[in-house]
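Residue-level structure breakdown
Here's the letter readout for the chains.
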Amino acid sequence: MFFINDTLEKRQEYIRSFAERGEFVVAVLLAATDFEWTVRRAIIALGSSPTAAIKDYGGALYRRHGLSDYKEAWRIEVKPKHHVNLADLVPTWQFFSESAYKLRHTLVHGTHGSVSEKYAKPRIEAILNASKAIIEFASAKNVDLYSRIKVRQRPKVKHQYLPHLAGE
């Protein structure tokens, strides 16, 4: 479906093609999947802790899924180094979190089985814009999320900023 060496434009064009064919549920789910892939890679690539520590037991992404977990993992890993919250980075965070991303949840868990074009399109765009904002932020930090992520062996900031690593 997606490849690591895809571009932002290629992925978003692919996702929008489903909406253009009237397959709005598929477009929403693909947009959400792309967002989750993007935010997780950004947390790993831009984070402060060693790469394994982010993903392993007790790490910011260990068994964490969902928007609130990603927001918290970003706060723990990315904010100490880059001084920006995920909610401040994503355009229209409130609409994105309360409406667009929640649509993914209602579709996946069967609360709704279909969605109209009028309802779906702004939400698809909000999710795509969230992914784009993260990609652009990473790019501004000289990190290409569509290429191999460099493995960090040592923390990028002192542990006093990372209480979960300092044993607090």
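Conventions adopted
Residues numbered from 1 in each chain as written. Predicted model: local features only at pLDDT ≥ 70, side-chain atom pairs only at ≥ 80, totals over all residues. Heavy atoms only, no water. Helix = DSSP H or I, 4+ residues; strand = E, 2+ residues; numbered from the N terminus. Rg over C-alpha atoms; globule rule 2.2 N^0.38 Å. Areas by Shrake-Rupley, 256 points an atom, 1.4 Å probe, with all protein chains shown as cover. 1 Å grid on protein atoms, 1.4 Å probe; cavity = no way out; pocket = protein on both sides within 12 Å on 5 of 7 lines; lining within 4 Å. Points joined across faces, edges and corners; volume = space filled by probe spheres on them. Nonpolar A, V, L, I, M, F, W, Y, C, P; charged D, E, K, R; others polar. Core = buried A, V, L, I, M, F, W, Y, C linked by side-chain atoms within 4.5 Å. Buried < 20%, exposed > 50% of the residue type's maximum accessible area, 1.4 Å probe, protein only. Contact = heavy atoms within 4.5 Å. Phe/Tyr/Trp six-rings, centres within 6.5 Å; stacked < 30°, edge-to-face > 60°. Salt bridge = Lys/Arg side-chain N within 4 Å of Asp/Glu carboxyl O. pLDDT = per-residue confidence, 0-100.

Brief notes about the overall build of the protein
When its secondary structure is counted, the protein shows nine helices and zero strands. For the protein, the sequential pattern of α-helices and β-strands runs α-α-α-α-α-α-α-α-α. In terms of overall dimensions, the protein is globule-like: its C-alpha atoms have a radius of gyration of 16 Å, near the 15 Å expected for 168 residues. Expressed along its principal axes, the backbone C-alpha trace of the protein runs to roughly 50 × 30 × 25 Å. As presented, the protein carries roughly 9,300 Å² of accessible surface, and 50% of it is formed by carbon and sulfur atoms.

Some thoughts on the layout of surface pockets
In this model, the largest pocket occupies a volume close to 180 Å³. Taken together, ten residues form the lining of the largest pocket, with Ala 45, Ile 149, Lys 150, Val 151 and Arg 152 sitting closest to its centre. Along the lines of polarity and charge, the residues of the lining of the largest pocket split into four nonpolar, no polar and six charged.

Considerations on the nonpolar core
Ranked by internal contacts, the top residues of the largest apolar core, which has 51 residues, are Phe 35, Val 39, Ile 43, Trp 74, Phe 96, Ile 124 and Ile 134. Those elements that place two or more of their residues in this core are helix H1 (8-20), helix H2 (24-46), helix H4 (67-77), helix H6 (86-89), helix H7 (93-108) and helix H8 (117-140). For this core, the element with the most residues is H2, which contributes 13 residues. Not counting residues up to four positions away in its chain, the partners in contact with Phe 35 are Leu 67, Phe 96, Tyr 101, Ile 127, Ala 130, Ser 131 and Ile 134.

Remarks on the packing of aromatic side chains
Within the structure shown, the criterion is met by eight aromatic pairs. On the basis of an interplanar angle of 85° and a centroid distance of 5.2 Å, the ring pair of Tyr 14 and Phe 18 is categorised as edge-to-face. Here Tyr 14 pairs with Phe 18, and both are found in helix H1, just four residues apart, close to one helical turn. Owing to a relative accessible area of 11%, Phe 18 belongs among the buried residues under this scheme.

A word on the pattern of salt bridges
Enumeration according to the criterion identifies eight salt bridges in this entry. Residue Arg 21 is joined to Glu 23 by a salt bridge in which the shortest nitrogen-to-oxygen separation is 3.5 Å. Given a relative accessible area of 34%, Glu 23 falls into the partly exposed group.

Section: unusual backbone geometry
Even without being a glycine, Arg 63 presents a positive backbone phi close to 55°. Backbone geometry at Asn 142 places phi at a positive 65°, although glycine is not the residue there.

Quick word on the environment of Glu 9
Take Glu 9: it is sitting in helix H1. Judged by its relative accessible area of 56%, Glu 9 is exposed.

Side note on the confidence of the model for the protein
Chain-level statistics for the protein give a pLDDT mean of 88 and a share of 91% at 70 or above. No element of the protein has a lower mean pLDDT than helix H9 (residues 163-166), which averages 50, and none a higher one than H8, which averages 97.

A few points about the side chain of Ser 99
Structurally, Ser 99 can be placed in helix H7. Using a relative accessible area of 13% as the deciding quantity, one classes Ser 99 as buried.

Section: the environment of Lys 121
Within the fold, Lys 121 resides in helix H8. Residue Lys 121 is classed as partly exposed on the basis of its relative accessible area of 35%. In the structure, Lys 121 is positioned 93 residues away from Val 28 in sequence and 8.6 Å away in space, judged by C-alpha atoms.

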